[in-house]
Amino acid sequence: MRKKFLIKVFFLALAISSIPLSAIYFDTFNVFHWKNIRFTKADPNKNYIKTQYIVHNPKKFNAFVFGSSRVGAIPKDALPKTLGGDQLRWYNMTNPHAIPSEHYYAIQTFEKNGVDIKMILLAFDDISMFSAIEHHYNLLLTIPYKVYEENKFNFYKPYLIKFTAPSIMKEVLLYDPEKYKDKTESFYSYGDTWGSDFSLTENPKMEQFKSFHTSTYTQKNAHMDIEKISKLCQEKGIKLVLFTNPLYKATYLDSVRDGYFDFLRLVANSCEFYNFSTLNNYTLGERYFLEGSHYCPALGLIIEKYLFGSEEDRQQIRDEAGDELFGVKVSSENVDFVIGELKKQLEKLAE
C-alpha cells in the first residue's frame, strides 16, 4: 500500500513539475520567446516583448509610434525619414489596449537604457479614457513590462502556471518558421505585421461593425499622463506629434455619449493634438475599417500624409473626407470651438 502511495506521489510531483516546463516550451503569449516570436491564434504580450526588444537593441531605432492596437494600421511608408539632419529609424510599439501611462513608462525605460529618441508619434482615443491599468495587470495578454522590472518572479509566475490550450500546443508542434518568415521580419523591423496592404474593405460582414466602446469614463488621469509625456519630450528634446485615431461611427457615438469630448478638452488644455475623431466620409462607412474598432492601413496612410504633408495635401484630404474638421489641430485656444462644431455634426447626423 505504501509503495503504491509513493508511486502516486511521484507521478503527481512529476506532473506538477512538468507544468512550468510545458508552459515555457509552448509559451502561449511568447514571453519566453520574445527574441524569436511565434505566430499562433493567441496574441502575444506585445507590451513586454517589444519593450524587451528595444531595451536589448538600444541603437537600432530612434523614432517610435505609440498607441493601442489601432495604430498597427500606421504604416511605415509615409513616416518622416529624417529630422534635423538625423536619419529616423521607426518602430511601431502598437499593443492591445495600450494607454498613455504605459507609453510614458516605456519612453522612460528607453531613455534609461540608452535609446536616443528623436521623434514620437502618439495616438490616443476612447481606449485611453476607459482602459484602467489595473485591468492590464490581470490579463496575460497585457501584463506590463513594469511588472517584469519590479519583480521578475511576479511577472513570470502566471505564465508558468497557465495551462496551454491543446489548439496552441498543436500549432507550436507543427510550427514552420519559413511560413511566417515575412511576418517575423516585419515584426522585428518595424513592429507591425500588417505590411503595406492598402486595400479597402469590400462586402463587409456587418455583424463585425458594432461599437467597440465598452465602458464609461473611468481612467481619470489619462490626460495627465499625456501631459507628462509631452513635458518629458520637451525636456529631452524629442519631437512629439499627438493625434487622435479615427473612430468608426458606432464606436465614436458611444464614446461621445460617455464623455469623449470632455476627455479631448482636458487633453487640449495642456497639449496640442491633431483630431481625426470626427464624422466624415471615412468613418461613416465601413470601407476604411476592418471592423468596428480598427481602421485599415489605407486610412493610416492618409493620416500620415496629413500629418507630414503640405497644406495642399491636407486640404485635399479634408475635401475627400468632406469635413473641414478632419485633422484639425486642437489646443486650449480653439478646443471649445472645435467641440462645438463636432456637436453640430452629431445634430446633423440625427436629422
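Worth saying up front: this structure is predicted, and the values here are computed from it rather than measured.

What counts and what doesn't
Residues numbered from 1 in each chain as written. Predicted model: local features only at pLDDT ≥ 70, side-chain atom pairs only at ≥ 80, totals over all residues. Heavy atoms only, no water. Helix = DSSP H or I, 4+ residues; strand = E, 2+ residues; numbered from the N terminus. Buried < 20%, exposed > 50% of the residue type's maximum accessible area, 1.4 Å probe, protein only. Contact = heavy atoms within 4.5 Å. Areas by Shrake-Rupley, 256 points an atom, 1.4 Å probe, with all protein chains shown as cover. Lys, Arg positive; Asp, Glu negative; His and termini not counted. Charge placed at Lys NZ, Arg CZ, Asp CG, Glu CD. Phe/Tyr/Trp six-rings, centres within 6.5 Å; stacked < 30°, edge-to-face > 60°. Pairing = 2+ DSSP bridges. Core = buried A, V, L, I, M, F, W, Y, C linked by side-chain atoms within 4.5 Å. 1 Å grid on protein atoms, 1.4 Å probe; cavity = no way out; pocket = protein on both sides within 12 Å on 5 of 7 lines; lining within 4 Å. Points joined across faces, edges and corners; volume = space filled by probe spheres on them. Nonpolar A, V, L, I, M, F, W, Y, C, P; charged D, E, K, R; others polar. Expected span 1.5 Å × (residues − 1). Salt bridge = Lys/Arg side-chain N within 4 Å of Asp/Glu carboxyl O.

Focus on the overall build of the protein chain
So, point 1. Secondary structure assignment for the protein chain yields 15 helices and eight strands.
So, point 2. Considering only C-alpha atoms, the protein chain reaches an extent of 85 × 50 × 40 Å along its principal axes.
So, point 3. Counting every position in the protein chain, which comprises 351 residues, the buried fraction comes to 50%.
So, point 4. Sequence separation of 24 or more characterises 80% of the internal contacts of the protein chain that already satisfy a separation of 6 or more.
So, point 5. For the protein chain, the computed accessible surface area is about 17,200 Å², with 55% contributed by carbon and sulfur atoms.
So, point 6. Averaging the coordinates of the 43 positive side-chain charges in the protein chain and doing the same for the 43 negative ones gives two points 11 Å apart.

What about the packing of aromatic side chains?
So, point 1. The tally for this structure, following the rule as stated, stands at 33 aromatic pairs.
So, point 2. Aromatic pair F64 and F66: ring centres 6.2 Å apart, planes at 40°, arrangement tilted.
So, point 3. Residue F66 is classed as buried on the basis of its relative accessible area, which comes to 2%.
So, point 4. Where F124 meets F273, the ring centres are 5.3 Å apart and the plane angle is 75°; that geometry is what we call edge-to-face. Residue F124 is found in strand β5 (residues 119–124), and its partner F273 is found in strand β7 (residues 273–275); the two are separated by 149 residues along the sequence.

With respect to the pairing of strand β6 (residues 239–244)
So, point 1. Two elements, β5 and β6, share six bridges in a ladder whose sense is parallel. From the neighbouring strand, F124 faces β6, where its bridge partner is T244.
So, point 2. With two bridges connecting them, β6 and β7 associate as parallel partners. Bridge pairing in β7 links F243 to Y274.

Focus: the nonpolar core
So, point 1. Counting residues in each nonpolar core, the largest one holds 62 residues, and the members touching the most others are I54, F64, F66, F110, F124 and F263.
So, point 2. Tallying contributions element by element places helix α12 (residues 260–268) first for this core, with six residues.
So, point 3. Core analysis: the next-biggest nonpolar cluster, separate from the first, contains 30 residues, I74, F276, Y295 and F326 among them.

Structural notes on empty space enclosed by the protein
So, point 1. Summed over all chains, the structure comprises three cavities of 30 Å³ or more.
So, point 2. Size it by volume and the largest cavity reaches roughly 60 Å³.
So, point 3. If you trace the largest cavity, you find it lined by A23, D27, T28, F29, V31, F32, Y159, K162 and T164.
So, point 4. Along the lines of polarity and charge, the residues of the lining of the largest cavity split into five nonpolar, two polar and two charged.
So, point 5. Considered as a void within the structure, the second largest cavity measures approximately 40 Å³ in volume.
So, point 6. Lining the second largest cavity we find S68, A98, P100, H103, A123, F124, D125, I127, S128 and N245.
So, point 7. Broken down by secondary-structure element, the contributors of at least two residues to the lining of the second largest cavity are α3 (100–112), β5 and α4 (126–130).
So, point 8. For the lining of the second largest cavity, a count of residues per class yields five nonpolar, four polar and one charged.

Some details on helix α2 (residues 46–56)
So, point 1. Of all 11 residues making up α2, nine are buried, and the element is well covered by its neighbours.
So, point 2. Turning to α2, its buried residues number three or more, namely N47, Y48, I49, K50, T51, Q52, Y53, I54 and V55.
So, point 3. Next to the buried residues of α2 lie β1 (63–66), β4 (90–92), α3, α6 (145–150), α7 (152–160) and α9 (181–189).

Digging into α3
So, point 1. Over its 13 residues, α3 extends 18 Å from the first C-alpha to the last, a length consistent with the 18 Å expected when each residue adds 1.5 Å.
So, point 2. Those residues of α3 that fall on the buried side of the exposure criterion are P100, E102, H103, Y104, A106, I107, T109 and F110.

Quick word on the pattern of salt bridges
So, point 1. Within this structure, the stated rule accounts for 17 salt bridges.
So, point 2. Of the charged contacts in the structure, one is a salt bridge between R70 and D126, with a shortest N-O distance of 2.8 Å. One end of the pair, R70, is in the loop between β1 and β2 (82–83); the other, D126, is in helix α4, and 56 residues separate them in sequence. Each member of the pair, R70 together with D126, is buried.
So, point 3. Salt-bridge contacts for D116 lead to K118; the nearest nitrogen and oxygen are separated by 3.0 Å.
So, point 4. Assessed through its relative accessible area of 47%, D116 is described here as partly exposed.

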